[in-house]
Structure formats: structure tokens, C-alpha cells
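Working through the structure, step by step
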Amino acid sequence: MSQSQYDQGFVRRHIGPSESDQQAMLKTIGAASLEALVAETLPAAIRQKQPLDLGKTLSETETLERLRGYAQQNRLLTSLIGQGYYGTITPGVIQRTILENPAWYTAYTPYQPEISQGRLEALLNFQTMIADICGLDIANASLLDEGTAASEAMLMAERVAKPDSDGKPRTHFLVDSDVHPQTLAVVRTRAEPLGVTVVVASADDPSAKGLAALAKDKQFYGILLAYPGSSGEVRDIRDLIKTIHSHGGIAAVVCDLLALTLLEAPGVLGADIAVGSAQRFGVPMLFGGPHAGFMACREDYKRNMPGRLVGMSIDQRGAPALRLALQTREQHIRREKATSNICTAQVLLAVMASMYAVYHGPEGLTEIASRVHRQTAILVAGLAKLGFKIKNQHYFDTVTVETGSKTDSIMTAVRNLGINLRKISPTQIGISLDETTTADILERVWQGFGGNLKFRDLQSAATNHLPASLLRQSSLLAHQIFHQYRSETEMLRYIRKLSDRDLALDRAMIPLGSCTMKLNATTEMVPVTWPEFANLHPFCPPDQAAGYWAMIGDLGERLKTITGYDAITFQPNSGAQGEYAGLLAIRAYHRSRGDHDRVVCLIPASAHGTNPASAQLAGMEVVVVGCDSHGNVDLADLTAKTQQHSARLAAIMITYPSTHGVFEEQIVEICQLIHKHGGQVYLDGANMNAQVGLARPGDYGADVGHLNLHKTFCIPHGGGGPGVGPIGVKSHLAPFFPSVNGGGDSSGDAVGPVSAAPFGSAGILVIPLAYIMMMGGEGLARATEVAILNANYIATRLNSYYPVLYRGKNGRVAHECILDPRGFKDSCGVTVDDIAKRLIDYGFHAPTMSFPVPGTLMIEPTESESKYELDRFIDAMIAIREEIRRVETKIWSSDNSPLR
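Summarised in this report is the structure supplied together with it. Since the model is a prediction, treat every value here as computed from it, not as a measurement.

Digging into the overall build of the protein chain
- Within the protein chain, the regular secondary structure consists of 30 helices and 25 strands.
- At 27 Å, the protein chain has a C-alpha radius of gyration in line with the 29 Å of a compact globule built from 900 residues.
- Overall, the C-alpha framework of the protein chain stretches about 85 × 65 × 60 Å when taken along its three principal axes.
- Across the 900 residues of the protein chain, 65% fall into the buried class.
- Put simply, of all contacts in the protein chain between residues at least 6 apart along the chain, 76% involve residues at least 24 apart.
- Summing over all exposed atoms, the protein chain offers an accessible surface of approximately 30,200 Å²; the carbon and sulfur share of this is 48%.
- Of note, the protein chain has its 82 positive side-chain charges centred 1 Å away from the centre of its 91 negative side-chain charges.

This is the structure in C-alpha cells:
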């Protein structure tokens, strides 16, 4: 890359320090050049031999043109497929001031409540909305999607169900056959490694194998019911709930938020847990995601609920304050004893859904639901007039039509009129309406069924087809927040008021270690809301999504080149889900070879907490490997444990460079040692930002690993989600990728799906592709080099004030470093929390606190931060050190200083 290209292209705008700044920083740290610094930091054994060849580097304009070409390959029909994904209208004020606003999409997880009150209030609104609509006591701050929420409900039910009367463990879970098929598939995937037997039954089956009969069986610790069902049927579930409760079981319900504005709440009907997706509350379909899954439960079970929970507290002055109150990264605390590997939420999407409810209020939501139901009744009247039978006795917005031998011809005819329907079986078609449905759409549906009917002639047929006994009687969204913002002026000011209470990347550096808070460039974000990408149904015919398939294939090829893996799957919709999918692939690989006893997973003590939690959920036994005094894996301990568990060794999970911020010199030897004993190497990609363009995991021994696209590849954190965690594998593991059509058992090659949609959060995959296109191979390598430079610059300048805990053999850190202020607690009572909170006064988010070493600060500046911003942060840290000195020398008392 020539100097002029660097100065004028996107690379220069992505990378913070100028060429002259880089030279000054290199002089400060005592390195002759970036190349020399990299040579001192990375082990020579892992350096890739050839530069990345990613084709021509594109300008921002050229990138948008290329992505526009992909978008235009998609055919945007009206999708009445339903199955958990619906057309919706995103209010313009929400799209522009939240979804497209960096004050919201560049924020980090609200772990530091003093500078997160806006996000926390929006999430509290979401929790209030979910709990109220579902008629339950408490809700979390969102889960990844409906499928994963349902699987979490299955596991949660097992934890809280009463033991059987004869004391025997219960390992069976009963599922309504009318839940969405993709939801059932994810539930099966989660159940199998943990020894849970999923039994599926129909509510329409009166036999001993039907839902009503099986619910009486005491071997079932819980039940998952659909309300309404995937077929559209609205059933009274009270008797089933009473039955499961009669022997101490737990009732979970998959429900639809819009339907519940008219239908009685699951909690009122007796449900213990409610789950679903908030997608249709103003969030585009996005070809399957990201969307906010939700979970609500009874008060008694709140401490068993996975994910995050926002709570109201009081600050030290007695004023109301919001904070993350429960299950804050539970897996980091309990590790292999964790009951969930959930490390994130879908905050940005949950905020959108909550603001949709604030925008419309209960009256507006009820009016939308009533209109949708009224149009569905009119649709049914027209179909009946054309001689078609509707399977449903009661319905909200979805019906199943008996079409016999005409099924395929009707599907084709309707599609030729610009509408997608759902083929349920060779003789049945499903139709789901939504808030975007118009009279013209209904008339085209009737035309496809062979009739020439007019909407106006059938409006009188709009009778209520909801069961009278299930009409909602409980209150709906009574809190004042859902009643006070009706004008756009007030709505706009409310959203702005909340964002002003937060600190995001649009305001200042967020120096969190292992979280890679780098530039999310506007050009990367622009295509996300293009209609051709935003409004596509994930289960539309493949030929209508040709642009998505091509775009995802392009991204996959580039990631294979970057990582050295042979195959990529994009289904995991978070980093932790990527870990889980990778471990399932390893497990299935061993089982396919008859090695059913290979269940031991070695994990260094320094690993992210999601590693042992994911291993536990994948049915593996975690064995912890110690670290030496330099923060590296203790090779002697590893050798001993590989020998001890050789016959049962499944894998090692290793983060590289390590969470301690160093490149371990022995990584190649570690990989060879594991392979020698028949295990597989899982490389956690959380720190891939230190490797891109310089080293490829697939070349130096890794068999599988995930990539945090929301870190290294610029998908924004969105206040704690969305995330994308695709996995790459070497060829021998590719047959064991999660399959959308899999049922979760590993008797075949593919394991079951780990998320509900075919490509997980497909709607935001344009972001990393745009980033890679605009950076090119040389630009990506330069970004990695500058990330390492920035971290070493901070480590060098601050080392005399706060000792750097770990370094590589040449005294260098990777892309992050750990500062050790623990001595201040002993010398004068100043804690790491005092330093973190004092940084707020200087305008910064705190670094990562007390992970992976309690009482320390882990700092990752990323390549996007300029020397000016780095110096501003360093100056703040030095000023705080001077304040600590004043406490140490008794000029100030610890309780009466700026640090408190």
C-alpha cells in the first residue's frame, strides 16, 4: 500500500494514529519500526508466510456499489410466511435516532451504571413491557432469539422443578408440536448433550401419545406450549398447565407479543415462564436477525433466569439509580458450574422494541393487533367463499388452509403475484398477516387461490375468531412510560435525553480489554437498513435471497483466507454460541469415530468464563490447566493432564493471544501435544484483533474457533448486543457444522442448529464484509500492527505509574495489557473500583476490571484510537496516580478525596 493510498483511503480513516504519530509512538516504546515491533511480539513460528490476498481494496463508494449489487440480487416479495418472522413498520424516529444513531449502536454493555443510565432505562422499559404483556413478575434484558430463549426455558425448568415423589431424577421434557419448527430444532440441540429427552406431542391427539395424556406422566419435569401455535391455532392451555403443575413440573409458553395485546397473558393462565421474540415490535426481519428474544418468569424463579436483569437501586445519596442487578455474566463467576453460557443480550434490538411500545402505547398496540386480526378474518371469509377449508377453530393472525392437490399450484400462483406463503405440508398452506398487510395484498392472495374478490365486499365478515374465554382481561402496559410520549417531538426528546446519560464511542475511548471497541464506520452501517437486506424473510425461497447467499459466501471466503480455516458457518449469533457450536462439532466428530468417551475439555485458568460454561453445556467435563507466573499456560501442568486424560481427551479451549495480553511462545507445541493425544484444538477468537494479517489459526494448529465479528470485524456492540460468532473449522470438522434442518441428535454428521435462523444474525453481516473490502489485506494487517503499537504505547507510558502485570519474552504486550493497581489497596485503601469511577470524571469508560486477574485493569485501546486520545487517557491515568499519591502521603483521606 503506497503512502498516498494510505493517506487518502479508508484505511487511514479507520486507523487512529497518523504515520508521524506512529513514528513518535515507536520511538517512545523503543521499537525501530512496526515490523520490528511485530517481530518482538509474535512468535516467529506462527507468522504467516504470505500477505493476505483479499483482492482489490475498494473505496467507500465502490464498496457501497458492490453491496448494492448484492442487494439488487434479492427479490423483495411480500412474505406472509409467519413462522416467527413478520413484516413490521419501524417508526422513523426509532430508525433514525436509535438504529442508525452511533450514540446507541456504539455503546458497550452497561456494566458501569454511572454512564449507562440511558441504556439501562430503555432496557428497564423492555423488561417492564415483557413482564406486563406476559403477565409475569419479572423479565430479563433480552436473549438471543426465540429458539435459544425456548431452550433456556427448558434448562431453567429442570433447575426449578420439584423432585419426583419417588426421588428419581426427571430428565424428560414435553414439547407442543405446534411450536415453530426452528424453535423445536434448537431445543433438541440443547437437550441432547445434557441427557434431556425431548418428547414432542400434539394437542390435537386424544390418544395416550397426545399432549394432554403425556402431561400427566410424572417423568416430565416441564412442558413447552405454543400460544398461539405455529399453525395459528389459539388453544386454551390452562388445563395442560394445571396437569404439569400437579406433579411439580414447570410450564413454559412460547408466545407472540402482538397477539397478547388481545389474548389473556400466559402468567394469568398459570404459566411459570414465557419466551418469544420481540421482532415484530418494530424490528425488520433482516433475513433472520438480529432480534431480541425475551424471557419472563415468576418471582420465585428469578435467580435461575439466564441473561441480564436491570434493577432499580439507590445511589449513595439516596437517589434512584439503575444497574445490572442479577445474573451479570453468570458464567464468569460459576464457570464450569454455570447453567448458561449466555454472555450477551440483544440490547440494541430490545431498545428498539421497547421504544416501539413507548411510541404506540397500549392503545396503539391493541389497535394494530385488532386490525391484523380483522384482516385475517376477512382473508378467511374470502377463502371460504372460494371453497377452501380453514383448519383453525380459533386464530389471531395465522391460519392453515387445506389445499389438497392444489398446494403447489397455489404457492406458485401467489408467488407470481409477488407474495410468499408457507407450505406446511403437501396438502396445507399457512398464511400469516401483519401490520404491513393491505387490502391489495389480500386481493392478490385470493387471486392466487383462483378468485377475483374485493376487500370492500368482505369487510362485514370481520368477526372475532379469538376464544371468548381467552380475551385479555388483565391490564396492559399500565406504567406511565407507555402513555406519555405521543408526539414525535416528545419521543425524539426522550430518546435524546436517554442517550445524553450514556457514554459511547461517539464521545470517547472505551478501553475495555478483550472487547475491542473500535470504529464502526458509517459506510459499514449504511446497507443494514436497505429494504433489500432489511425486509427479507429468513425462510423465503432461496432464489429470492440470491444476494444474501452471494454476500454471505463472499464474506465466508474472505474469512477463510484470513483465518486459514477450510469452512465457515455464520449460524451462531454470539461469541458464546460460536464456542458452543464449535464444541458440538468436536463432540460429533469424536462420536462419529466411535470415541464416545472423549469428553474431557482442558481449559486454562485464564480463559473467558464462557469457555468452561460452553463446554459444560456441550456435555463435556472441564479440567482446568494452570498458568505460570508470566501468564502463559503451564506447559508442565498441561503435559501431565493430557497424559492423565489421554484416552478421554476431547479438546482444549485456548484464547490466543491469551487473556493476559501476551502471545504464548509454545502455542504450536500446545497444539501438537493435544493432537498427539487425539484431541482437538478450539481457539477462542476473542483476541483475533491481534492476529489478522499476521497469523492464521488454521495454519499453526487450531482445528476450530469462533470469530467475534462484533469485535475484530466492526459489528458494533449496540449497548451489549447484537453479536455474531461464526465458527471456522478445518475440513475434517466441516461435516459437523450445525444444520438448520437438524433435530439436535448427533447420530448423523451435522449437529442441530444453535440459533433459530439459517444464518443467525444475517442482517448485520454486511458490516464486516464492508470493513474487509475497504481495508484490504494490507490494511487489515496494518490495523493489527497499530493495535499492537497502541497497546504497547499505553503499557510503556503507564508502567512506572501502574505496573504491567504480564509481558511476552521480549517485554512486549499483544493488543491489550493488564495494569496492576492492587498495591494501592494495601498502602492507602484505594481500590480498582475507585480508579474506574474516577475515570468517569475525566470522560472515559473504565477498562475491564478484575478480569482475568482480580483487582486489575485490562486495557485494549484498538487501532482506531488516535495518539491524541491515547495521550488524553494516559494523562488521566497519571493524574489519578497523583491523586492516589496524595492519599498515600495523608494529604487527603481515602474517604474524602476525588477518588471517592
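Considerations on the pattern of salt bridges
- Summed over the entire model, instances satisfying the criterion amount to 47 salt bridges.
- Linking R648 and E621 is a salt bridge whose minimum nitrogen-to-oxygen distance equals 2.8 Å. One end of the pair, R648, is in the loop between helix 24 (635-644) and strand 19 (649-655); the other, E621, is in strand 18 (residues 621-625), and 27 residues separate them in sequence.
- Looking at R648, the relative accessible area reads 31%, which means it is partly exposed.
- One continuous salt-bridge network, built from bridges that share partners, spans R797, K867, D871 and D875.

What to know about the packing of aromatic side chains
- Following the criterion strictly, the structure yields 17 aromatic pairs and no others.
- Geometrically, the ring pair formed by F713 and Y771 is edge-to-face, given 6.4 Å between the ring centres and 75 degrees between the ring planes. With F713 in the loop between strand 21 (704-707) and strand 22 (727-729) and Y771 in helix 27 (residues 766-798), the pair connects residues that are 58 residues apart, well separated along the chain.
- Here the aromatic cluster, defined as three or more aromatic residues joined through ring pairs, consists of F287, W530, F533, Y548, W549 and F759.
- R190 extends its terminal NZ or CZ atom over the ring of Y580, reaching a point 5.3 Å from the ring centre.

Quick look at the sheet that holds strand 18
- Here we have seven strands laid out as an open sheet, ordered 16-22-21-20-19-17-18, and mixed in their pairing. What marks the edges here is a single partner per strand, and that holds for strand 16 (567-569) and strand 18. Geometrically, the sheet is characterised by an average inter-axis angle of 25 degrees between neighbouring strands, direction not taken into account.
- Sheet analysis places strand 20 (residues 680-685) next to strand 21, joined by four bridges and oriented parallel. Counterpart to G685 in the pairing with strand 21 is L707.
- In the packing of helix 23 (residues 610-617) onto the sheet, contacts are made with strand 17 (600-604), strand 18, strand 19 and strand 20, and the angle to strand 17 comes to roughly 175 degrees.
- On top of the sheet, helix 25 (residues 667-676) reaches strand 17, strand 19 and strand 20; it is set at about 165 degrees to strand 19, its chief contact.

A word on the pairing of strand 12 (residues 398-402)
- The element strand 12 is largely enclosed, with a buried count of four among its five residues.
- Here two bridges tie strand 11 (residues 389-390) to strand 12, and the two strands are oriented antiparallel to one another. In the strand pairing of strand 12, I390 is matched with V401.
- Relative to strand 15 (residues 428-432), strand 12 runs antiparallel, the two being bridged by five bridges. Each residue of the ladder has a partner; that of V401, found in strand 15, is I429.

Regarding the environment of G575
- The residue G575 is located in helix 22 (residues 575-592) in this model.
- Along the backbone, G575 and G705 are 130 residues apart, and their C-alpha atoms lie at a distance of 9.9 Å.
- Apart from the residues lying within four places of it in its own chain, the contact partners of G575 are H706, N708, H710 and G725.

A few points about helix 5 (residues 60-73)
- In this model helix 5 runs 20 Å from its N-terminal to its C-terminal C-alpha over 14 residues, within 8% of the 20 Å that 1.5 Å per residue would give.
- Burial in helix 5 covers these residues: T63, L67, Y70 and A71. In an axial view of helix 5, the angular spread of the buried residues amounts to 100 degrees, which keeps them on one side of the axis. The outward face of helix 5, more than 90 degrees from its buried face, is lined by the exposed residues T61, E65 and Q72.
- Here the buried face of helix 5 lies against helix 20 (531-534), helix 21 (546-563) and helix 27.

Looking at the environment of Y485
- Here Y485 shows up in the loop between helix 17 (455-458) and helix 18 (488-500).
- As for Y485 and L124, which are separated by 361 residues in sequence, their C-alpha atoms are 17 Å apart.
- Dropping the residues within four chain positions of it, Y485 is found in contact with V358, Y359, E490, M491, Y494 and K497.
- There is a polar contact of 3.3 Å between the side chain of Y485 and the side chain of Q484.

Some details on the sheet that holds strand 14 (residues 422-425)
- The antiparallel open sheet is built from four strands, whose spatial order is 11-12-15-14. Two strands in the sheet have a free side with no partner beyond their single neighbour: strand 11 and strand 14.
- With respect to the sheet, helix 14 (residues 347-385) is in contact with strand 11, strand 12 and strand 15, its orientation differing from that of strand 12 by roughly 10 degrees.

Description of the pairing of strand 8 (residues 293-297)
- The buried fraction of strand 8 is high, at five of five residues.
- Summarising the sheet, strand 2 (residues 138-139) and strand 8 pair through two bridges and their orientation is antiparallel. For I138, the partnering residue across the bridge sits in strand 8 and is C297.
- Here strand 7 (residues 273-277) pairs with strand 8 via five bridges, running antiparallel. Bridge pairing links I273 to C297 in strand 8.

Topic: helix 6 (residues 92-99)
- When helix 6 is considered as a whole, its buried residues turn out to be V93, I94, T97, I98 and L99. Angular distribution of buried residues about the axis of helix 6 spans 160 degrees; they occupy a single face of the element. In helix 6, the exposed positions that point more than 90 degrees away from the buried face belong to G92 and R96.
- Looking at the buried side of helix 6, the elements it contacts are helix 7 (102-105), helix 14 and helix 18.

Here we look at the environment of S409
- Inspection of the secondary structure puts S409 in helix 15 (residues 407-416).
- Taking the C-alpha atoms as reference points, S409 and L309, separated by 100 residues in sequence, lie 49 Å from one another.
- Reaching out from S409, the side chain makes a polar contact with the backbone oxygen of K406 at a distance of 2.9 Å.

As for the nonpolar core
- Of all hydrophobic cores here, the largest spans 228 residues; its most connected members are M129, C134, M355, I431, F449, L559 and I562.
- Broken down by element, the residue count for this core peaks at 20 residues, all from helix 14.
- Those residues in contact with L559, other than ones at most four positions away along the chain, are I568, F570, L707, L709, F713 and I772.
- By size, the runner-up hydrophobic cluster in this structure holds 63 residues, among which are V160, L184, A567 and L583.

The rules behind these values
Residues numbered from 1 in each chain as written. Predicted model: local features only at pLDDT ≥ 70, side-chain atom pairs only at ≥ 80, totals over all residues. Heavy atoms only, no water. Helix = DSSP H or I, 4+ residues; strand = E, 2+ residues; numbered from the N terminus. Rg over C-alpha atoms; globule rule 2.2 N^0.38 Å. Buried < 20%, exposed > 50% of the residue type's maximum accessible area, 1.4 Å probe, protein only. Contact = heavy atoms within 4.5 Å. Areas by Shrake-Rupley, 256 points an atom, 1.4 Å probe, with all protein chains shown as cover. Lys, Arg positive; Asp, Glu negative; His and termini not counted. Charge placed at Lys NZ, Arg CZ, Asp CG, Glu CD. Salt bridge = Lys/Arg side-chain N within 4 Å of Asp/Glu carboxyl O. Phe/Tyr/Trp six-rings, centres within 6.5 Å; stacked < 30°, edge-to-face > 60°. Lys NZ or Arg CZ within 6 Å of the ring centre and 35° of its normal. Pairing = 2+ DSSP bridges. Axes fitted to C-alpha atoms, helices over the stretch in contact; angles between N-to-C directions. Expected span 1.5 Å × (residues − 1). Arc of directions from axis to C-beta. Polar contact = N/O pair within 3.5 Å; in protein donor to acceptor, adjacent residues only side chain to side chain. Core = buried A, V, L, I, M, F, W, Y, C linked by side-chain atoms within 4.5 Å.

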